[in-house]
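Observations on chain architecture
Residue strings, one per chain:
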Amino acid sequence: MNSIIGHEKIIYFLQKSIKNDKLNHAYLFCGPAHLGKTTIAKNFLSEILCEKKCKKCIHCLNLEKNTHPDVYFINKEKDKKNITIEQIRFLQEKLIRHSFHGSYKIILINQAETLSLGAANCLLKSLEEPNPKTIFILIAENTNLLPKTIISRTQILKFLPVATKDIVNYFEKQFNLEANQALELAKISINKPGLAITFFQNQNLLEEHKKQIREFINFPQKNLNEKFQIIEKTLSTKNEFLENIKILQNILSQWDLIIRDLILIKNSLNIFIIHSFLENELKELVQNYDENQLLQILKKIKKSKEYLFTNANPKLVFENFTLNL
Ligand SMILES: [Zn+2]
């Protein structure tokens, strides 16, 4: 399913660029996962090649089959840490040649933050001296990991979480969901349409997610020894460094949401909490904190995330954060 939910301004901007023939040679779609960056990028490149998406022309037919000879997808290979310089060189060799259908050549680079330094430098040459009728679309969750030289060569489009009403409307219209069911999906997916759709299609995953949050809520009651054991297990040394950073970022984001829920409950604003399915447990947990402590924890979460950006050891950051819970 390739539904687009929200992001009207970005879509309007991109469509206007096509209409006015004001296409940039490089775009950077950035923002957290599950917001629809890739879906919109694919839609954008389809419209560049066939504005009406007629489904009949050579472009549309090739795109449908994922075999368009002028469209290149660069992904990090599964067993590799980075997008490699070889991948970029290979691409550049192809870009020198004429386009097959006399149209634009479009390159979509997923997880651009995983470009190796060599690959990024190599790519930079293409961005600095762009071939005519060639468009790069870079997709990244974390632009802090992208070289500034690359970023400065792109038109940046920042993706933000989608408005609750857009997600609710979508599920009501497309799947005839009741408003409260749609609202629960929007909330638990923290306004990320991709995640909402995944949860809707895969109830097991949703249950697993709920179970995980329940474990989070039980975490503060555990003794220090148990807590450190959990940290040890969560941020295993078997994982790659970057993987552990990502895991901890997610944990901290999840805690951020839980603490915000606790603050709402403290202020009798229970109807606004995200984890309404855990309202009773949260009500119990909130008794352990006063509002000032909760605000301090929020600050600590923000600080911990900043440490992670400076490549601090994730385990130390997690242990340190835990002492405040
Ligand atoms: Zn077409």
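In this text, all values refer to a predicted model and were calculated from it rather than measured experimentally. (Residues numbered from 1 in each chain as written. Predicted model: local features only at pLDDT ≥ 70, side-chain atom pairs only at ≥ 80, totals over all residues. Heavy atoms only, no water.)

Reading across from one edge, β2-β3-β4-β1-β5 is the order of the five strands in this open sheet, with parallel pairing throughout. Each having just a single partner strand, β2 (71–74) and β5 (155–158) make up the two edges of the open sheet. Strand-to-strand twist of the sheet, defined as the mean angle between neighbouring strand axes without regard to direction, takes the value 15 degrees. Where helix α1 (residues 8–19) meets the sheet, its contacts fall on β1 (26–30) and β5, and the angle it forms with β5 comes to roughly 150 degrees. Lying on the sheet, helix α2 (residues 37–49) is in contact with β1, β2, β3 (105–109) and β4 (134–140); it crosses β4 at an angle near 170 degrees. (Pairing = 2+ DSSP bridges. Helix = DSSP H or I, 4+ residues; strand = E, 2+ residues; numbered from the N terminus. Axes fitted to C-alpha atoms, helices over the stretch in contact; angles between N-to-C directions. Contact = heavy atoms within 4.5 Å.)

Running from amino to carboxyl end, helix α11 (residues 224–234) crosses helix α15 (residues 314–322) at an angle of 150 degrees, the nearest separation of the two axes being 10 Å. In terms of axis orientation, α11 runs roughly antiparallel to α15. The crossing of α11 and α15 is right-handed. For the pair formed by α11 and α15, the contact residues are K227, F228, I231 and E232 on the first element and K315, F318, E319 and T322 on the second. Of the residues contributing to the contact of α11 with α15, the split by class is three nonpolar, one polar and four charged. (Parallel < 35°, antiparallel > 145°, perpendicular 65-115°, else oblique. Left-handed = near helix turned anticlockwise from the far one by under 90°. Nonpolar A, V, L, I, M, F, W, Y, C, P; charged D, E, K, R; others polar.)

On to the coordination of the zinc ion, then. Reference geometry at the metal: tetrahedral coordination by four donors gives ideal angles of 109.5 degrees; octahedral coordination by six donors gives 90 or 180 degrees. Distances from the zinc ion to its protein donors, C50 (SG), C54 (SG), C57 (SG) and C60 (SG), fall at 2.2 to 2.4 Å. Around the zinc ion sit four donor atoms; with metal-centred angles ranging over 103 to 117 degrees, the donor geometry is tetrahedral. Along the chain, the residues donating to the zinc ion are arranged with the sequence spacing C-x3-C-x2-C-x2-C. According to the relative accessible area criterion, C57 is partly exposed, its value standing at 22%. (Donors = N, O, S within 2.8 Å, 3.2 Å for Na, K, Ca; no water. Tetrahedral: all angles 85-135°; square planar, octahedral: opposite > 155°, others 65-115°. Buried < 20%, exposed > 50% of the residue type's maximum accessible area, 1.4 Å probe, protein only.)

Interface extent is often summarised as the accessible area lost during association of the parts. Segmentation of the protein into domains returns domain 1 (8–158), domain 2 (163–201) and domain 3 (205–322). Using only C-alpha atoms to locate each centre, domain 1 and domain 3 end up separated by 35 Å. Contact with domain 1, which involves four residues of that partner, is made by four residues of domain 3. Interface area, domain 1 with domain 3, both sides summed: about 360 Å², of which 52% is carbon and sulfur. A salt bridge links K246 to E141; the nearest nitrogen and oxygen atoms lie 3.8 Å apart. (Domains from an automatic or database assignment. Buried area = accessible area lost by both parts, 1.4 Å probe. Salt bridge = Lys/Arg side-chain N within 4 Å of Asp/Glu carboxyl O.)

Counting through the fold element by element, H275 comes out in the loop between α12 (241–266) and α13 (279–286). Residue classification places H275 among the buried residues on the basis of a relative accessible area of 2%. In terms of polar contacts, H275 uses its side chain to reach the side chain of Q254, at 3.1 Å. At 2.7 Å, the side chain of H275 forms a polar contact with the side chain of D261. (Polar contact = N/O pair within 3.5 Å; in protein donor to acceptor, adjacent residues only side chain to side chain.)

Right, let's get into the packing of aromatic side chains. Taken as a whole and judged by the stated rule, the model has nine aromatic pairs. Taken together, a centroid distance of 4.5 Å and an interplanar angle of 45 degrees make the contact between F175 and F200 tilted. Linking F175 in helix α7 (residues 164–175) with F200 in helix α9 (residues 193–201), this pair joins segments that are 25 residues apart in sequence. Connected via pairs of aromatic rings, a cluster forms that spans Y170, F171, F175 and F200. Across the ring face of F277, the terminal group of K210 is positioned such that the distance to the ring centre comes to 5.0 Å. (Phe/Tyr/Trp six-rings, centres within 6.5 Å; stacked < 30°, edge-to-face > 60°. Lys NZ or Arg CZ within 6 Å of the ring centre and 35° of its normal.)

Within this structure, the stated rule accounts for 11 salt bridges. One salt bridge connects R214 with E281, and the closest N-O pair in it is separated by 3.7 Å. Highlighted residues: R214 in helix α10 (residues 203–218) and E281 in helix α13, separated in sequence by 67 residues. Looking at R214, the relative accessible area reads 35%, which means it is partly exposed.

Below, the discussion takes up α2. The end-to-end C-alpha distance of α2 is 19 Å, a good match for the 18 Å that 13 residues give at a rise of 1.5 Å each. Burial analysis of α2 places 10 of its 13 residues in the buried class, the great majority of the element. All of the buried residues in α2 are K37, I40, A41, N43, F44, L45, S46, E47, I48 and L49. In the core, the buried residues of α2 are packed alongside α1, β1, α3 (58–64), β2, β3 and β4. (Expected span 1.5 Å × (residues − 1).)

Our next topic: the environment of F73. Mapping F73 onto the fold places it in strand β2. Since its relative accessible area comes to 34%, F73 is described here as partly exposed. For the pair F73 and N110, spaced 37 residues apart in sequence, the C-alpha to C-alpha distance is 7.5 Å. Not counting residues within four places of it along the chain, the set of residues in contact with F73 comprises K42, N66 and L108.

Further remarks concern the pairing of β1. Burial within β1 is extensive, with five of its five residues counted as buried. With burial as the criterion, each face of β1 is covered, one bearing A26, L28 and C30 and the other bearing Y27 and F29. Sheet analysis places β1 next to β4, joined by five bridges and oriented parallel. Among the inter-strand pairings, F29 is bridged to a residue of β4, identified as I139. For β1 and β5, the ladder comprises four bridges, and the chain directions are parallel. Following the sheet pairing, Y27 is matched in β5 by Q155.

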